[in-house]
Every structure is written in C-alpha cells, then in structure tokens.
Amino acid sequence: MKKTSTFQNGLIWFGAGVSLAEILTGTAFAPLGMAKGFAAILLGHIIGCAMMLLAGLIGGRTGRSAMETVKMSFGQKGGLLFAFLNVLQLVGWTAIMIYDGALAVGGIFAIGRWVWCLVIGALIIVWIAVGVTDLGWINKITMAALFILTLVLCKVIFFSGNAMVGIDGESLTFGAAVELAVAMPLSWLPLISDYTRDAEKPTQATWVSVLVYGAVSCWMYVIGMGAAIFTGEYDIAVIMVKAGLGIAALVILVFSTVTTTFLDAWSAGISAESLSKKLNGKKTAIAVTVIGAAGAILFPMDDITDFLYLIGSVFAPMIAVQIADAFILHSDVSAKELSALVRSLREELFNLRLQQATGQLENNQRIRTVRKDLARALTIQGETGEV
C-alpha cells in the first residue's frame, strides 16, 4: 500500500494555500490598512488552523477519511448527512474555483471564459487520474513554479515604488475581518483527514500540512490586501497585466486554481464513498469536476464571501463536537473504536471477496479501498500497542 511522505503532504497543502480565492478574499482587508489587516489575517488563521490541526489528527490517528471520522461522533445516519452536505458544498467549491480562475485568466487572455473553464477542468481531471499518492514530480515542479512566480508577484506589488493608495471608508470591521480570515481554514475541516490518513507518519504530516497551509494562506491574503492598498486595484489579473507578467500570470492563475480545486474534487469522491460503497471515489471526483466546470460556464458566481460563511456555519460546529469527543470526552475509548473498525473492515472485505468469487461484485475498486483502510487501522493498532 503506497503512502504519502510528510514532504508530499506539505506540497499538497502548499498548493491548497496558493489560491486565487485567498488572494481575492485578501483584497477585502484593504480598508483596514496593512498593520490592522495583517493582524486580523494572522489571528483568524491561528484560530482556524488550530481547529484544522485537530481535525487532521483525528483522521491520522484513526486512519479514516474525514466523513468516516464524523460517524464516530454522530453515528451512521449523522455521518451520511454530513457526507451528503460535504459532497454538495465541494461541488459548489469546485464550480466557484473554476469560475474565478477562468474569469481571472480571461482578463489577461480574452478568448472566452468557457475555454478557460474547460482547460482548468481538464487539468484537474489529469491530477485526479494520477492520484494523490502518485503526483510526485508533477507536484514538485508545479509548486516550485508557483513559489517562484508568487515571489515575482510580491515584488511587483510591494517593491515597485508604489505609494499606498487612499481607500475611503472602513467597510470591514476588525471582528468581521478575523471571521473572514478564519473562514478559509474552516473550509478545509471536512477535507484534511482525507489526506492525513494516507501519510506514512500521520501526526507529523498533519502538523506540517497545517503549518504550511496556514503560512501560505496568510501570504496569499497579504498579497491580495497589498494589491488593493498599493495599486488601488482589486482585480489581480489587471495588476498582472500592468506588470507585464504575461505567461507567468497565466501559469500562476491556472495552476493555483488546479492545485486547490483538485483537493475539493478529490475529497468529494472520498466523501461519496461514505454515502455508498458502490460509488468509486476517483470516478466521482471526475464527475464532480465535470459538473463544476459546467456550472462555471453556465452560471455567474461572483461573490464567494457568503459561501465561505455558510461552510463555516455548517462544519465548524460539527468539528467542534468531534474535537470534544476525540480529545476530551472519549479519549480513553479510541482503542475500542479502532478494534471495532478492524472487525468491521475484515467482515466487509470477506463479503466483498465472496461477491467477487460469485460474480456479484459491482465495484472492484471497493476491495482495494477496504484493504487499504484495514492496513491503516492495523498499522495504527501496532503503533499504539493495541494489536
């Protein structure tokens, strides 16, 4: 069974942090000014990433996907409800991210938004087809390029001799700004365990993932805020055009969208497997990408702020219950839950093999998934001395 290294997990979440959504959200902080805006961004990310860390540790410790860990606290039916809501919101996130990416690229290369929706959607499908554990050099090259190009973008915004542009009014209070900064890490709460469960060293990978994501996300927020303050522009594509970035701008906008949205689509597939054992995660993720691209082509999705608040309102209380359940109330029964999980997976694997032998198995991929989950659970049992 192939697992991801701590370095690979760091790359995955670097890609999640380098996001057009973060930059666009960061522009809303401009009325606060650099000092106050940065304080709100930092405080919000500390709060949000603390919850993100605990959510990831739950998945890493149990070897379960995000929505499977929900069942530990809310039961089978409660887990199904949250899995359904998660798939629904991830379809929406996929559409919004593709839409925003295509709109931004279209501001530089005006050949039609629908064309860029298709290009971004196709690249996301390539990422899905390769899979999280096999991205390897693709992720390394992409993240290295994004890192270098975002440094170039920082130079254009902060070190081009631009004076601060006066921004009238203060449409965003400090409290609301902190809440908006919290919202982005919170949006990853129902996803992070989908990746920490595949790690060779789950606890270490979770810490690295959250620290990398938090730092990079803050960086993107500051880029957005700085762009609005120093250039007077709220459209990152316009800033790139004025700076003459050209192809570099295209790479940043397209691949930052792909590396973030890939995680949304991939986790939608994993959550779908929690809804029905007959669903194939990878095929579902591809279907979600197709639906998202179609939605981005057909419908306008200009404001993501309300959507961020909606996600936080649904999943923040859910993860709060999970955190209390896992780390405060039931911290002494995790071994029992793990033993029950091992028994359940062994029974399911036996039944699946029986169905395969009799020609009744509809989803052959499910056997591989259950074997991987069983291997993870047995590994964790061995690490905790509960075998």
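This text gives an overview of the structure that appears in the document. In this numbering scheme, every chain counts its residues from 1 along its sequence in written order. Owing to the predicted nature of the model, reporting of local features is limited to residues with pLDDT of at least 70; listing and counting of side-chain atom pairs is limited to 80 or more, with chain, interface and lining totals taken over all residues. To get the side-chain values, all heavy atoms of the structure are used, and hydrogens and water are removed first.

All right, on to the overall build of the protein chain then. Secondary structure counts use DSSP, requiring at least four H or I residues in a row for a helix and at least two E residues in a row for a strand, with both numbered from the N terminus. For the protein chain, the count of helices and strands is 15 helices and zero strands. Relative accessibility under 20% of the residue-type maximum defines a buried residue, over 50% an exposed one, and the middle range a partly exposed one, all with a 1.4 Å probe and only protein chains included. Burial status across the protein chain gives 54% buried among its 387 residues. Of the contacts formed within the protein chain by residues at least 6 apart in sequence, a portion of 85% connects residues at least 24 apart. Each accessible area is a Shrake-Rupley estimate made with a 1.4 Å probe; only the visible protein chains count as cover when residues are assessed. Approximately 16100 Å² of the protein chain is accessible, and the part contributed by carbon and sulfur atoms is 66%. Two residues qualify as a contact provided that any one of their heavy atoms is within 4.5 Å of a heavy atom in the partner residue.

Our next topic: the packing of helix H4 (residues 66-106) against helix H5 (residues 113-130). Interaxial distance between H4 and H5 falls to 8 Å at its minimum, and their mutual angle equals 125°. One way to sum up the angle between H4 and H5 is to call them oblique. Considering how the two elements wind past one another, H4 and H5 form a crossing that is right-handed. Each of Ile-98, Tyr-99, Gly-101, Ala-102, Leu-103, Val-105 and Gly-106 in H4 lies in contact with H5, whose residues at this interface are Arg-113, Trp-116, Cys-117, Ile-120 and Ile-124. Its residues assigned to classes, the contact of H4 with H5 shows nine nonpolar, two polar and one charged. As a rule, the C-alpha atoms of each element are fitted with a line to give its axis, helices using only the stretch in contact, and angles between N-to-C directions run from 0 to 180 degrees. In what follows, roughly perpendicular refers to angles from 65 to 115 degrees, roughly parallel to angles under 35, roughly antiparallel to angles over 145, and oblique to any angle outside these ranges. Helix crossings are classified by the rotation of the near helix relative to the far one: an anticlockwise turn of less than a right angle makes the crossing left-handed, while a clockwise turn makes it right-handed. Only Asp, Glu, Lys and Arg are considered charged, only Ala, Val, Leu, Ile, Met, Phe, Trp, Tyr, Cys and Pro nonpolar, and every remaining residue, Gly among them, polar.

Below, the discussion takes up helix H7 (residues 174-186). Here the expected span of a helix is defined as 1.5 Å times the quantity of residues minus one. In a regular helix each residue adds 1.5 Å, so 13 residues correspond to 18 Å; H7 covers 18 Å between its end C-alpha atoms and thus fits that length. For H7, the complete set of buried residues consists of Ala-177, Val-178, Leu-180, Ala-181, Val-182, Ala-183, Met-184, Pro-185 and Leu-186.

Two aromatic rings, drawn from Phe, Tyr or Trp (for Trp, its six-membered ring), form a pair once their centres lie within 6.5 Å of each other, and the interplanar angle then sorts them: stacked below 30 degrees, edge-to-face above 60, tilted otherwise. Applying the stated criterion to the full structure yields eleven aromatic pairs. Where Phe-262 meets Trp-266, the ring centres are 5.8 Å apart and the plane angle is 45°; that geometry is what we call tilted. Highlighted residues: Phe-262 and Trp-266, both in helix H11 (residues 247-275), separated by four residues, approximately one helical turn. Here Phe-262 falls in the buried class, since its relative accessible area comes to 3%. One aromatic cluster is present, formed by Trp-13, Trp-188, Tyr-195 and Tyr-213 through successive ring pairs. Two conditions define a charge located above a ring, namely a distance within 6 Å from the ring centre to NZ of Lys or CZ of Arg, and an angle within 35 degrees of the ring normal. The ring of Phe-327 carries the charged tip of Arg-61 above its face, separated from the ring centre by 5.4 Å.

What follows covers the nonpolar core. Side-chain atoms within 4.5 Å are what join buried Ala, Val, Leu, Ile, Met, Phe, Trp, Tyr and Cys residues into a set we call a nonpolar core. Ranked by size, the top nonpolar core spans 96 residues in total, and within it Trp-13, Phe-29, Ile-236 and Phe-262 carry the most contacts. The contact partners of Trp-13, leaving out residues within four places of it in the chain, are Met-52, Trp-188, Ile-192, Tyr-195, Ser-209, Val-212, Tyr-213 and Leu-263. Counting residues in hydrophobic clusters, the runner-up holds ten residues, among them Leu-345, Leu-349, Leu-352 and Leu-374.

What follows deals with the side chain of His-45. Here His-45 shows up in helix H3 (residues 34-62). Judged by its relative accessible area of 2%, His-45 falls in the buried class. When residues no more than four places from it in sequence are discounted, the contact partners of His-45 are Ala-50, Ala-181, Pro-185, Gly-214, Ser-217, Cys-218 and Tyr-221.

Turning to the packing of H11 against helix H12 (residues 281-298), a few remarks are in order. In the contact formed by H11 and H12, the axes pass within 7 Å of each other and the chain directions differ by 130°. Looking at the two axes, H11 sits oblique to H12. Considering how the two elements wind past one another, H11 and H12 form a crossing that is right-handed. Here Ala-265, Trp-266, Ala-268, Gly-269, Ala-272 and Glu-273 of H11 lie close against H12, whose contacting residues are Gly-281, Lys-282, Thr-284, Ala-285, Val-288 and Thr-289. For the contact of H11 with H12, a count of residues per class yields six nonpolar, four polar and two charged.

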